[in-house]
Amino acid sequence: MTIIATLRCRNMQRSLAFYTGILDFERVDGDDTMDDPSFSVLARDGAHLFLSSHGGDGVFGAVVAVMVDDVDEVCRKYRGRGLRTPGNPDAPQHVHEGPIDQTWGTREFYVDDPDENTLRFTQVSGV
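Right, let's walk through the structure included here. This structure is a prediction, so every number in the text was calculated from the model and none was measured.

### A look at the environment of Gly87
Then comes step 1: The topology assignment puts Gly87 in the loop between α2 (71-80) and β6 (100-101).
Then comes step 2: By relative accessible area, Gly87 is classed as exposed at 59%.
Then comes step 3: With 25 residues separating them along the chain, Gly87 and Ala62 place their C-alpha atoms 23 Å apart.

This is how it looks when you write it as structure tokens:
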């Protein structure tokens, strides 16, 4: 079984610039035009994610977990590409500022996309 999340966006071109330019996703399929409303299929490390600016496809503010091997490296790479985080990324107090160890055994870093959907980049602690 494969489960693919659909994230709603307001502006497909802006969302694609964020997901492909900063977050390592590649657009692999979708509508021929990026005029809104439109639909795109993104891929990253063999997994897929759908983006849609169609009114009936999801809600703004969804949350998706993205499992990675090295959350610290991912965070550094994204900051190098222009990702801005709140607070002090060198001494994170909150999971949106930088990777932190969670009490449930993961190390996580959260990223909000331009439409306030959250991607939780997660590494199982000790991996």
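Here the narrative resumes.
### With respect to the packing of aromatic side chains
Then comes step 1: For the structure shown, the criterion picks out four aromatic pairs.
Then comes step 2: Between the aromatic rings of Phe18 and Tyr19, the centroid separation amounts to 5.6 Å while the plane-to-plane angle is 85°, which identifies the pairing as edge-to-face.
Then comes step 3: Classification of Tyr19 as buried rests on a relative accessible area of 0%.
Then comes step 4: An angle of 70° between the planes, with centres 5.4 Å apart, marks the rings of Tyr78 and Phe121 as edge-to-face. On the criterion of sequence distance, the pair formed by Tyr78 in helix α2 and Phe121 in strand β8 (residues 118-124) is long-range, its members being 43 residues apart. Here Tyr78 matches Phe121 in class, with each residue buried.
Then comes step 5: Taken together, the ring pairs in this structure connect Phe18, Tyr19 and Phe25 into an aromatic cluster.
Then comes step 6: When the ring centre of Phe60 is taken as origin, the NZ or CZ atom of Arg10, which lies over that ring, is 3.7 Å away.

### Considerations on the sheet that holds strand β7 (residues 106-112)
Then comes step 1: Strand order across the open sheet formed by four strands is β5-β8-β7-β6, with mixed pairing between neighbours. Strands with a single pairing partner mark the edges of an open sheet, and in this sheet they are β5 (63-67) and β6.
Then comes step 2: Lying on the sheet, α2 is in contact with β7 and β8; it crosses β7 at an angle near 25°.

How each quantity is defined
- Residues numbered from 1 in each chain as written.
- Predicted model: local features only at pLDDT ≥ 70, side-chain atom pairs only at ≥ 80, totals over all residues.
- Heavy atoms only, no water.
- Helix = DSSP H or I, 4+ residues; strand = E, 2+ residues; numbered from the N terminus.
- Buried < 20%, exposed > 50% of the residue type's maximum accessible area, 1.4 Å probe, protein only.
- Phe/Tyr/Trp six-rings, centres within 6.5 Å; stacked < 30°, edge-to-face > 60°.
- Lys NZ or Arg CZ within 6 Å of the ring centre and 35° of its normal.
- Pairing = 2+ DSSP bridges.
- Contact = heavy atoms within 4.5 Å.
- Axes fitted to C-alpha atoms, helices over the stretch in contact; angles between N-to-C directions.

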